[in-house]
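Given next are the chains, with one letter for each unit.
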Amino acid sequence: MNALEDMRVFQEVVDAGSFTAAAERVGTSKQLVSRRIAALEARLGVRLLNRTTRRLSPTPLGLAYLEHAREIVAAVDQAEMAICQQGGARPRGTLRVSAPMSFGTLHLGPVLPAFLADYPEVSVELDLSDRAVDLVGEGFDVALRIGAVAESTLVARRLGALRMVTCASPDYLQRAGTPHQPTQLREHACLLYGHGRTSQWHYLREGRALAVEVSGRLHANNGEVLVQAALAGHGLVHLPAFLLDDCLADGRLVPVLEVFEPAPIAMNALYPQHRQASLLVRAFVDFLVERFAPAHTS
């Protein structure tokens, strides 16, 4: 078991990029983690980690060992989880979850009580933020993410596809004109989600994808801020429909380019590979899929 635990610790160190962060994840001291990795390297007779003052990174032999370690630990975890499930074991413990602010408030918050009722031995720590958290480094078990998944080290479960809408206030459209082609967006003030000088908005026309580069004076990592700016007449927004439905229904915002079918955007539940055998993580993600996948396809 010492070898297996050393494999677990080594995975945590590589994923977290430091002894300190890994120690927090496994619930021990930085010194103990450092000594265990040093002992592991001595036993194997090779150097597994490159050590700098800022970050740790695996050597080529460390990467090879990591690949084998992940397979072995995953196999052991899966075997234990299968036996626990057959024996009627129930999820327990604390689950740390990250979710986008607006989606978390409007959609995740209302269903969390049902999850807690289903699993009375589980506690949830929910962090609402529109930034892309570092799951491993910051100690999160699951993150809900809107948009493409860039991190190849994370497992993604699709919860659905969110319908996107491009719209503006009647006042803005009267002053600036209504775009009838996506390419005309380049001539408009666009309110941009995220950070950077420009952004791309995606559309579909008869099954063909079209990406248009847009720009504007306001960038924000919160959709509700952009909705308020659009209501004040400062430009066009391109956001998931759940943020805009009320404003569209009462005419405060007007949709444009509907014939071009703004391309839907994926909603995923993400978790680290080393957590995919966790009974608690599996239960929570399965709960999300059951609650959201049928509903959030529009």
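The preceding data block contains the structure.
This is a predicted model, so every value here is computed, not measured.

> Summarise the overall build of the chain; cite the residues concerned and give the values.
In terms of helices and strands, the chain carries nine helices and 14 strands. A burial count over the chain gives 45% of its 298 residues as buried. Pairs at least 24 residues apart make up 74% of the contacts formed inside the chain by residues separated by at least 6 positions. Counting every atom, the chain has about 15,300 Å² of accessible surface; 51% of that belongs to carbon and sulfur.

> Break down the sheet that holds strand β3 (residues 93-99) for me, with residues and values.
Reading across from one edge, β4-β3-β5-β14-β6 is the order of the five strands in this open sheet, with mixed pairing throughout. Strand pairing shows two members of the sheet lacking a second neighbour, β4 (122-128) and β6 (154-162), which therefore form its edges. For this sheet the average axis-to-axis angle between neighbouring strands, irrespective of direction, equals 20°. Taken together, the four bridges between strand β5 (residues 142-146) and strand β14 (residues 265-272) define a ladder with antiparallel strand orientation. Across the sheet, residue Arg 145 finds its bridge partner in β14, namely Asn 268. Helix α5 (residues 101-118) rests against β3, β4, β5 and β14 of the sheet, and its axis sits at about 175° to β4.

> I'd like a rundown of the packing of helix α1 (residues 2-16) against helix α3 (residues 30-44), residues and numbers included.
Two numbers describe a pair of packed helices, the interaxial angle and the distance between the axes. Contact geometry of α1 with α3 gives a least axis separation of 10 Å together with a crossing angle of 115°. Here α1 and α3 pass one another in a crossing that is left-handed. Residue-level inspection shows Asn 2, Ala 3, Glu 5, Asp 6, Val 9, Phe 10 and Val 13 of α1 in contact with α3, the latter providing Val 33, Arg 36, Ile 37, Leu 40 and Arg 43.

> Any details on the sheet that holds strand β7 (residues 164-168)? Residues and values, ideally.
The three strands are arranged β12-β7-β13 in an open sheet whose pairing can be described as antiparallel. Single-partner strands in this sheet number two, and they are β12 (237-240) and β13 (254-256). Within this sheet the neighbouring strands show an average axis-to-axis angle of 50°, counted without direction. Both β7 and β12 contribute to a ladder of four bridges, which runs antiparallel. Its bridge partner being in β12, Cys 167 is matched across the sheet by Val 237.

> Lay out the pattern of salt bridges in plain terms, naming residues and giving numbers.
Scanning the model with the defined rule gives 12 salt bridges in all. In this structure, Arg 92 and Glu 121 form a salt bridge, with 3.5 Å as the shortest nitrogen-oxygen distance. Separated by 29 residues along the polypeptide, Arg 92 in the loop between α4 (60-86) and β3 and Glu 121 in the loop between α5 and β4 bring together distant segments of the chain. Where salt bridges share partners, they join Asp 6, Arg 36 and Arg 43 into one cluster.

> Can you tell me about the state of the cysteines, naming the residues and giving the values?
Here a disulfide denotes a covalent bond joining the sulfur atom of one cysteine to the sulfur atom of another. Tallied over the full model, the rule gives zero disulfides. Just so you know, Cys 247 is unpaired, no disulfide at all, and the nearest cysteine sulfur is the one on Cys 167, 7.8 Å from it.

> Describe in detail the side chain of Asp 15, supporting the description with residues and values.
Mapped onto the elements of the fold, Asp 15 is located in helix α1. Separated by 2.7 Å, the side chains of Asp 15 and Arg 70 make a polar contact.

The rules behind each value
Residues numbered from 1 in each chain as written. Predicted model: local features only at pLDDT ≥ 70, side-chain atom pairs only at ≥ 80, totals over all residues. Heavy atoms only, no water. Helix = DSSP H or I, 4+ residues; strand = E, 2+ residues; numbered from the N terminus. Buried < 20%, exposed > 50% of the residue type's maximum accessible area, 1.4 Å probe, protein only. Contact = heavy atoms within 4.5 Å. Areas by Shrake-Rupley, 256 points an atom, 1.4 Å probe, with all protein chains shown as cover. Pairing = 2+ DSSP bridges. Axes fitted to C-alpha atoms, helices over the stretch in contact; angles between N-to-C directions. Left-handed = near helix turned anticlockwise from the far one by under 90°. Salt bridge = Lys/Arg side-chain N within 4 Å of Asp/Glu carboxyl O. Disulfide = S-S within 2.5 Å. Polar contact = N/O pair within 3.5 Å; in protein donor to acceptor, adjacent residues only side chain to side chain.

These figures capture arrangement, not role.
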